[in-house]
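Descriptive structure summary
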Amino acid sequence: MFWNWVLLIVGMALLIKGADFFVDGSSGIAKKFGIPSLIIGLTLVSLGTSAPEISISINAVLDGSSDMSVGNVVGSNICNIFLILGLASIFTPLLISKDVKKYDIPIMVGLFVLLIVFSYLITPNVINWYEGLIMLLLFIGYTVFLIFRAKNENQNEEPQKNSNIVKCVIFVILGLAAIVFGGDLVVDHARKIALDLGMSETLVSLTIVAVGTSLPELVTSVVAAIKKEGDIAIGNVIGSCIFNIILILGLASVVSPFGPSGSLAVQSAVIMDVIVMLFGGVSLLLISCFSKKVDRWQGIIFLVIYVSYIIYIIVRN
């Protein structure tokens, strides 16, 4: 039991540091070639901080633990909205930009609804490979949409000649290696801890694994909030929630036929967690409609909701 916890923590540390290396290296390469800063922020940073979830989910599917894959994504999104935004807004009210209010938050809520449709209506308790393919196509479409938005804002970035391209490539390679290895450690030892404690894999993925893999978003958003960059904090969280659905579950569903289970299973009990996730998205949408920021008092309510949710799923288990 002791070594399982030690190796779980080591795996999470590798995930977090790997994501940090991946973001730094990718951003350096992007700046080297003059890629707009908006694209760097909304794609590379969100993708980098979501890299732990990608590694966890794919490893879980290939190891026959699809419950952990879905639970990790849903738990991470709940953590992103209620814990991370709640905590970040306590440091400073988080301003919601017009573009995020107009495009990204509604897209995020729409994808939450799509997950419910795929998981419980079209193919009950399963996300099939062709539904995963649809998610990946939506990911490509959303990324193209971000590129066009960047061009419309006329953000022309000059290439940075002083960027060390070799160092950036090494950071990307090391980051990806740490993410893959760390993800394997987390999946294996989280499952062993669950069995030792008599807990379900779904509970572990919704709590321990979800919070652990959301640490990159937590650090990024809290630091951004402290530096009075609320738009970065909220943009990172929303971007990660979007990528968690269409990229991570999309990939997990597509590779699921190669795993022991043959498909990405979704437990009936997880519907309550998906509803909590949707409630968080709708709450953020309503806040953006009636206000230009997430205030401290709203952040405190988000934190209270998250603590209540954790207590509920522990009792449920």
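Residues numbered from 1 in each chain as written. Predicted model: local features only at pLDDT ≥ 70, side-chain atom pairs only at ≥ 80, totals over all residues. Heavy atoms only, no water.

1. Considerations on the overall build of the protein chain
- Assigned secondary structure in the protein chain consists of 11 helices and four strands.
- Put simply, the protein chain has 317 residues, and 53% of those count as buried.
- Taking all contacts inside the protein chain whose residues are at least 6 apart in sequence as the whole, residues at least 24 apart take part in 87%.
- Of the roughly 13600 Å² of accessible surface on the protein chain, a fraction of 72% belongs to carbon and sulfur atoms. (Helix = DSSP H or I, 4+ residues; strand = E, 2+ residues; numbered from the N terminus. Buried < 20%, exposed > 50% of the residue type's maximum accessible area, 1.4 Å probe, protein only. Contact = heavy atoms within 4.5 Å. Areas by Shrake-Rupley, 256 points an atom, 1.4 Å probe, with all protein chains shown as cover.)

2. Let's talk about the packing of helix α10 (residues 270-290) against helix α11 (residues 296-316)
- The geometry of α10 relative to α11 is characterised by a closest axis approach of 12 Å and an angle of 175° between their N-to-C directions. In terms of orientation, α10 lies roughly antiparallel with respect to α11. Across from M272, D273, V276, F279, S283 and I287 in α10, the residues of α11 making contact are Q298, F302, I305, Y309, Y312, I313 and R316.
- Within the contact of α10 with α11, the residues separate by chemical class into nine nonpolar, two polar and two charged. (Axes fitted to C-alpha atoms, helices over the stretch in contact; angles between N-to-C directions. Parallel < 35°, antiparallel > 145°, perpendicular 65-115°, else oblique. Nonpolar A, V, L, I, M, F, W, Y, C, P; charged D, E, K, R; others polar.)

3. Here's the deal with the pattern of salt bridges
- Following the criterion strictly, the structure yields two salt bridges and no others.
- In this structure, R316 engages D273 in a salt bridge whose closest nitrogen and oxygen atoms are separated by 3.0 Å. With R316 in helix α11 and D273 in helix α10, this residue pair connects regions lying 43 residues apart in the sequence. (Salt bridge = Lys/Arg side-chain N within 4 Å of Asp/Glu carboxyl O.)

4. Side note on the environment of G48
- Structurally, G48 is set in helix α2 (residues 37-62).
- Taking the relative accessible area as the measure of exposure, G48 reaches 0% and is therefore buried.

5. What about the side chain of S283?
- Along the chain, S283 falls in helix α10.
- You can call S283 buried: its relative accessible area is 14%.
- Polar side-chain contacts of S283 include one of 2.7 Å to the backbone oxygen of F279. (Polar contact = N/O pair within 3.5 Å; in protein donor to acceptor, adjacent residues only side chain to side chain.)

6. Observations regarding the environment of N317
- Here N317 lies in the segment after α11.
- Relative accessible area serves as the criterion here: at 43%, N317 is assigned to the partly exposed category.
- On a C-alpha basis, the gap between N317 and M199 in space is 7.0 Å, while along the polypeptide they are 118 residues apart.

7. A closer look at the packing of helix α3 (residues 66-91) against α10
- Packing of α3 against α10 leaves a shortest axis separation of 10 Å and a crossing angle of 35°. With respect to the hand of their crossing, α3 and α10 are arranged in left-handed fashion. Packed against α3, whose contacting residues are V70, V74, N77, I78, I81, F82 and L85, the element α10 presents V270, D273, V274, V276, M277, F279, G280, G281 and L284 at the interface.
- Broken down by class, the residue content of the contact of α3 with α10 amounts to 12 nonpolar, three polar and one charged. (Left-handed = near helix turned anticlockwise from the far one by under 90°.)

8. Brief notes about a nonpolar patch on the surface
- Nonpolar side chains collect at one region of the surface, where F33, I165, V166, V169, I170, I173 and L174 lie side by side and expose about 640 Å² of accessible area between them.
- Position of V169 relative to the elements: it lies in helix α6 (residues 165-197).
- With a relative accessible area of 36%, V169 lands in the partly exposed category. (Patch = residues over 30% accessible without salt bridge, like charges linked within 9 Å, V, L, I, M, F, W, Y side chains within 5 Å.)

9. Digging into the nonpolar core
- Grouped together as the largest cluster of nonpolar side chains are 66 residues, with contacts concentrated most on M108, I245 and L249.
- In this view, M108 contacts I81, I238, C241, I242, G281 and L284; residues no more than four positions away in its chain are not counted.
- Counting 16 residues, the second largest nonpolar core, distinct from the first, contains A51, I179, V186 and A190. (Core = buried A, V, L, I, M, F, W, Y, C linked by side-chain atoms within 4.5 Å.)

10. Remarks on the confidence of the model for the protein chain
- When the pLDDT values of the protein chain are averaged, the result is 82; 88% of them are 70 or greater.
- Across the protein chain, the element-wise mean pLDDT spans from 72 in α2 up to 94 in α10. (pLDDT = per-residue confidence, 0-100.)

11. Considerations on the packing of aromatic side chains
- According to the stated counting rule, one finds eight aromatic pairs in the structure shown.
- An angle of 75° between the planes, with centres 5.5 Å apart, marks the rings of F139 and F243 as edge-to-face. Linking F139 in helix α5 (residues 129-152) with F243 in helix α9 (residues 230-255), this pair joins segments that are 104 residues apart in sequence.
- Look at F139 and you get buried, because its relative accessible area is 16%.
- Residue class for F243 comes out buried when judged on its relative accessible area of 0%.
- Measuring from centroid to centroid gives 6.1 Å for Y142 and F243, while their planes differ by 70°, and the two rings are edge-to-face. Highlighted residues: Y142 in helix α5 and F243 in helix α9, separated in sequence by 101 residues. Each member of the pair Y142 and F243 is classed as buried.
- Among the aromatic residues, those joined into a ring-pair cluster are F82, F279 and F302. (Phe/Tyr/Trp six-rings, centres within 6.5 Å; stacked < 30°, edge-to-face > 60°.)

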